[in-house]
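What the coordinates show
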Amino acid sequence: RVFNSSPSSRLELELWKLIEQLSGAHFQLRGVDDARFQLSRMGAWITPALCASLHDVDVHVRVHSAQCLERMGPRASAAGPALIEALADPSLANQAAAALGRVGYPPAEPALSAALADKAAAHELRVAAAAALGRLGLAASAEVLTAALNRSAEPGDLRQVAATALVRLGLGDRGA
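I will try to describe carefully the structure that is included in this document. (Residues numbered from 1 in each chain as written. Predicted model: local features only at pLDDT ≥ 70, side-chain atom pairs only at ≥ 80, totals over all residues. Heavy atoms only, no water.)

1. Some words on the overall build of the chain
If you tally the helices and strands in the chain, you get 10 helices and zero strands. Sequence-ordered secondary structure for the chain, helices as α and strands as β, is α-α-α-α-α-α-α-α-α-α. Seen along its three principal axes, the alpha-carbon backbone of the chain occupies a region of about 55 × 30 × 25 Å. Pairs at least 24 residues apart make up 65% of the contacts formed inside the chain by residues separated by at least 6 positions. If you sum the accessible surface of the chain, you get close to 8,700 Å²; carbon and sulfur atoms cover 54% of it. Positive and negative side-chain charges in the chain, numbering 17 and 17 respectively, have mean positions lying 6 Å apart. (Helix = DSSP H or I, 4+ residues; strand = E, 2+ residues; numbered from the N terminus. Contact = heavy atoms within 4.5 Å. Areas by Shrake-Rupley, 256 points an atom, 1.4 Å probe, with all protein chains shown as cover. Lys, Arg positive; Asp, Glu negative; His and termini not counted. Charge placed at Lys NZ, Arg CZ, Asp CG, Glu CD.)

2. Topic: the side chain of Thr146
For Thr146, the location among the structural elements is in helix 9 (residues 142–150). One polar contact links the side chain of Thr146 to the main-chain carbonyl oxygen of Ala142, over a distance of 2.7 Å. (Polar contact = N/O pair within 3.5 Å; in protein donor to acceptor, adjacent residues only side chain to side chain.)

3. So, the packing of helix 2 (residues 29–41) against helix 4 (residues 59–72)
Interhelical geometry of helix 2 versus helix 4 gives an angle of 40° and a closest axis separation of 8 Å. Here helix 2 lies oblique to helix 4, going by the angle between them. The crossing of helix 2 and helix 4 is right-handed. Contacts between helix 2 and helix 4 involve Val32, Arg36, Leu39 and Ser40 on the former and, on the latter, His64, Gln67, Cys68, Arg71 and Met72. (Axes fitted to C-alpha atoms, helices over the stretch in contact; angles between N-to-C directions. Parallel < 35°, antiparallel > 145°, perpendicular 65-115°, else oblique. Left-handed = near helix turned anticlockwise from the far one by under 90°.)

4. Side note on the environment of Arg41
In this fold, Arg41 is placed in helix 2. By relative accessible area, Arg41 is classed as partly exposed at 41%. Along the primary structure Arg41 and Val57 are separated by 16 residues, whereas in three dimensions their C-alpha atoms are 25 Å apart. There is a polar contact of 3.4 Å between the side chain of Arg41 and the side chain of Ser40. (Buried < 20%, exposed > 50% of the residue type's maximum accessible area, 1.4 Å probe, protein only.)

5. Side note on helix 1 (residues 9–20)
Here helix 1 contains 12 residues, and its C-alpha end-to-end distance of 16 Å stays within 8% of the 16 Å for a straight helix at 1.5 Å per residue. Three or more residues of helix 1 are buried, namely Leu11, Leu15, Leu18 and Ile19. Down the axis, helix 1 shows its buried residues gathered within 100° of arc, on one side only. When the buried face of helix 1 is taken as reference, the exposed residues oriented beyond 90 degrees from it are Ser9, Arg10 and Glu20. Lining the buried residues of helix 1 we find helix 2, helix 3 (47–53) and helix 4. (Expected span 1.5 Å × (residues − 1). Arc of directions from axis to C-beta.)

6. Here we look at the environment of Thr164
Topologically, Thr164 is positioned in helix 10 (residues 156–168). Through-space distance from the C-alpha of Thr164 to that of Ala130 is 9.0 Å; in sequence the pair is 34 residues apart.

7. Brief notes about the pattern of salt bridges
Per the counting criterion, the structure on display carries seven salt bridges. For the salt bridge of Glu70 with Arg102, the shortest nitrogen-to-oxygen distance reads 3.7 Å. Placement of Glu70 in helix 4 and of Arg102 in helix 6 (residues 93–103) is noted, with a sequence separation of 32 residues between them. When the shortest N-O distance is used, the salt bridge between Glu154 and Arg151 registers 2.6 Å. For Glu154, a relative accessible area of 9% puts it in the buried group. With a relative accessible area of 24%, Arg151 lands in the partly exposed category. If you follow the salt bridges from partner to partner, you end up with Arg126, Arg151 and Glu154 in one network. (Salt bridge = Lys/Arg side-chain N within 4 Å of Asp/Glu carboxyl O.)

Here's what the structure looks like:
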């Protein structure tokens, strides 16, 4: 069931119970998977709570909250600013980049381009940023993606993701 209106206090309590299940303190894979599934199927009204959870002290809650936002896709587009901020958290950055691409938040393009271009950034972040830029589908990303593709010193998986992103932009001939 998808909820799109303001939640009752009872429903909001259930939301926070689900978010609590994302914690590593009582980590049980089945419980985490169930909570992520339920949270990602809810309406846009849960976006502020998931954004708040991106600042939780438990890294598991932060990462799983970003994954929920990613799975929500465009319903979570309001999370864009919080996800851009989360790019600064090394434990969360690659998941935040992936979520930005899935939620379709075009203002994230400069931050994602900067992450991709930063050779000192974590490899996983750079790969997630390249994939997210492809999902955003903005022509402004073509230059940074082409640069990543053409740098022979870049790891093969990063170059492949950059090529795939260029295909999404309609510029597949650059990677051929």
